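Here is what each chain is made of, one letter per residue.
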Amino acid sequence: MNIIILGPPGAGKGTQAQHLVETRNMVQLSTGDMLRAARTSGTEMGKIVADVMDRGELVTDEIVIGLIREQLEKGSEGGFIFDGFPRTLAQADALAELLEESGNTLDSVVALDVDDEVLVQRVVNRAKEAVAAGNEARADDNEDSMRTRLMEYYKKTSPLMGYYHAKGNLKSIDGLASIEDVRTSLAAVLDA
Ligand code: ADP
């Protein structure tokens, strides 16, 4: 089964994806994680993406599509969870092509319904908790960058809701419920 978890920054996509990895033998493809790995690798691409990410803007479609293509080639027995990808219509079209080329289907697109102010508060708290625990906060987990990330989401990513609705595989669940309850709703949608 191949699925997309869709939702604004801080909605909890990664948390839910991680649980599916543990319980369903699926492979999580988080372009955010891949880009964070790329930026610390000291490569030319890493330097380019670091600035863009810290501002809260989107990295080019070309870069993220390339990252996804590489991972899809490795295959996954339990299927893939796309987390933070696609984020633009061009990425969504590219994903459809890549899946078709490799003989795969897209089974579900699950949107996490959330409230913006809660999201801003979540990422600001996530940064504070990281610092309190003696870790480094994500450079883009601050209020300014978060507001830019939200705006990028509404301008470029939220049209994907209409896109997948038209394709017939969009399902929405309440993302403001507890982590446990979101897990339960997600499982219900995937097993329906
Ligand atoms: P969040 O969902 O909390 O914003 P992510 O880890 O998914 O965090 O993404 C962090 C940043 O990485 C984004 O703000 C963006 O700069 C970049 N990024 C991640 N995925 C993509 C993508 N599919 N297309 C373009 N940029 C991306």
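In this text, all values refer to a predicted model and were calculated from it rather than measured experimentally.

Visitor: I'm lost on the side chain of Asn169 in this one. Help?
Guide: Mapping Asn169 onto the fold places it in the loop between α8 (159-167) and β5 (170-174). Overall, the relative accessible area of 12% leaves Asn169 in the buried class.

Visitor: Which parts of the structure should I look at to understand the site of the ligand?
Guide: For the ligand, the set of nearby residues contains 20 residues, the closest of which are Thr31, Arg36, Glu57, Gln91 and Arg149. Within the backbone of Glu57, a nitrogen or oxygen atom sits 2.5 Å from an oxygen atom of the ligand. In this structure, a nitrogen atom belonging to the ligand sits 3.1 Å away from a side-chain N or O atom of Arg87. Alone, the ligand offers 550 Å² of accessible surface; in the complex the protein occludes 96% of this. With 4 residues, helix α2 (residues 31-39) is the single largest residue contributor to the shell around the ligand. By residue class, the composition of the shell around the ligand is 7 nonpolar, 5 polar and 8 charged.

Visitor: Hey, could you run me through a negative patch on the surface in this one?
Guide: A grouping of Asp93, Glu97, Glu100 and Glu101 is seen on the molecular surface, where their side chains present a negatively charged patch. By secondary structure assignment, the location of Glu97 is in helix α5 (residues 89-101). You can call Glu97 exposed: its relative accessible area is 52%.

Visitor: Whenever I open this one, the side chain of Ser108 confuses me. Can you help?
Guide: Relative to the helices and strands, Ser108 resides in strand β4 (residues 108-113). In contact with Ser108, not counting residues within four places along its chain, are Asn2, Ile3, Ile4, Asn169, Lys171 and Leu190.

Visitor: Before we go on, may I ask you to explain the pattern of salt bridges in this structure?
Guide: A side chain of one charge can pair with a side chain of the opposite charge if their charged atoms are brought near each other. Evaluation of the coordinates by the stated rule reveals 13 salt bridges. Note that Asp33 is salt-bridged to Arg36, the shortest N-O span being 2.9 Å. Within this pair, Asp33 and its partner Arg36 are both found in helix α2, separated by 3 residues, close to a single helical turn. A relative accessible area of 41% places Asp33 in the partly exposed class. For Arg36, a relative accessible area of 25% corresponds to the partly exposed category. The salt bridge partner of Asp140 is Arg138, with a shortest N-O separation of 2.9 Å. Assessed through its relative accessible area of 28%, Arg138 is described here as partly exposed.

Visitor: I keep staring at the sheet that holds β4 and nothing clicks. Help me out?
Guide: Each strand in a sheet pairs with its neighbour through backbone hydrogen bonds, running either in the same direction (parallel) or in the opposite one (antiparallel). Spatially, 5 strands are ordered β2-β3-β1-β4-β5 in an open sheet, and the strand pairing comes out parallel. Every interior strand has two partners, whereas the edge strands, β2 (27-30) and β5, have only one. Across the sheet, the axes of successive neighbouring strands diverge by a mean angle of 25°, strand direction being ignored.

Visitor: Mind showing me how you'd approach the packing of α2 against helix α3 (residues 44-55) here?
Guide: Geometry of a packed helix pair, given as the angle between the helix axes and the separation of the axes. Between α2 and α3, the shortest axis-to-axis distance is 8 Å and the interhelical angle comes to 125°. In terms of their interaxial angle, α2 and α3 are classed as oblique. Classified by chirality, the crossing of α3 by α2 is left-handed. Along its contact with α2, which presents Gly32, Leu35, Arg36, Ala38 and Arg39, the element α3 presents Met45, Gly46, Val49, Ala50, Met53 and Asp54. Across the contact of α2 with α3, the residue classes tally to 6 nonpolar, 2 polar and 3 charged.

What counts and what doesn't
Numbers given for residues are sequential positions, taken from 1 along each chain in its written order. In keeping with the model being predicted, local features are shown solely for residues with a pLDDT of at least 70 and side-chain atom pairs are shown and tallied solely at 80 or more, while totals for entire chains, interfaces and linings include all residues. Only hydrogens and water are set aside; all other atoms, that is, all heavy atoms of the structure, feed into the side-chain values. Strands are runs of DSSP state E lasting at least two residues, helices are runs of H or I lasting at least four, and both sets are numbered from the N terminus onward. Residue burial is assigned from relative accessible area. The probe radius is 1.4 Å, only protein chains are included, and a residue is buried under 20% of its type maximum, exposed over 50%, and partly exposed in between. Residues are classed as near a molecule or strand on a simple rule: at least one heavy atom within 4 Å of it. Pairs of N or O atoms are called polar contacts if they sit within 3.5 Å, as long as, within protein, a hydrogen donor faces a hydrogen acceptor (for residues adjacent in sequence, only side-chain-to-side-chain pairs). The Shrake-Rupley method, run with a 1.4 Å probe sphere, supplies the accessible areas, and residue values consider only the shown protein chains as cover. In this count, Pro and Cys sit with the nonpolar residues alongside Ala, Val, Leu, Ile, Met, Phe, Trp and Tyr, while Asp, Glu, Lys and Arg are called charged and the others, Gly among them, polar. Residues enter a patch when their relative accessible area is above 30% and they make no salt bridge; the linking distance is 9 Å between like charges and 5 Å between nonpolar side chains (Val, Leu, Ile, Met, Phe, Trp, Tyr). For salt bridges, the criterion is a side-chain nitrogen of Lys or Arg within 4 Å of an Asp or Glu carboxyl oxygen. Under this rule, positive means Lys or Arg and negative means Asp or Glu; His and the chain ends count for nothing. Throughout, a charge is located at the NZ atom of Lys, the CZ atom of Arg, the CG atom of Asp or the CD atom of Glu. Whether two residues are in contact is decided by their heavy atoms, any of which lying within 4.5 Å being enough. What makes two strands pair is DSSP finding at least two bridges between them. Note on geometry: axes are lines fitted to C-alpha atoms, helical ones only across the stretch in contact, with angles between N-to-C directions running from 0 to 180 degrees. Convention used here: angles under 35 degrees read as roughly parallel, angles over 145 as roughly antiparallel, angles from 65 to 115 as roughly perpendicular, and any remaining angle as oblique. Rotating anticlockwise by less than a right angle from the far helix to the near helix defines a left-handed crossing, while the corresponding clockwise rotation defines a right-handed one.

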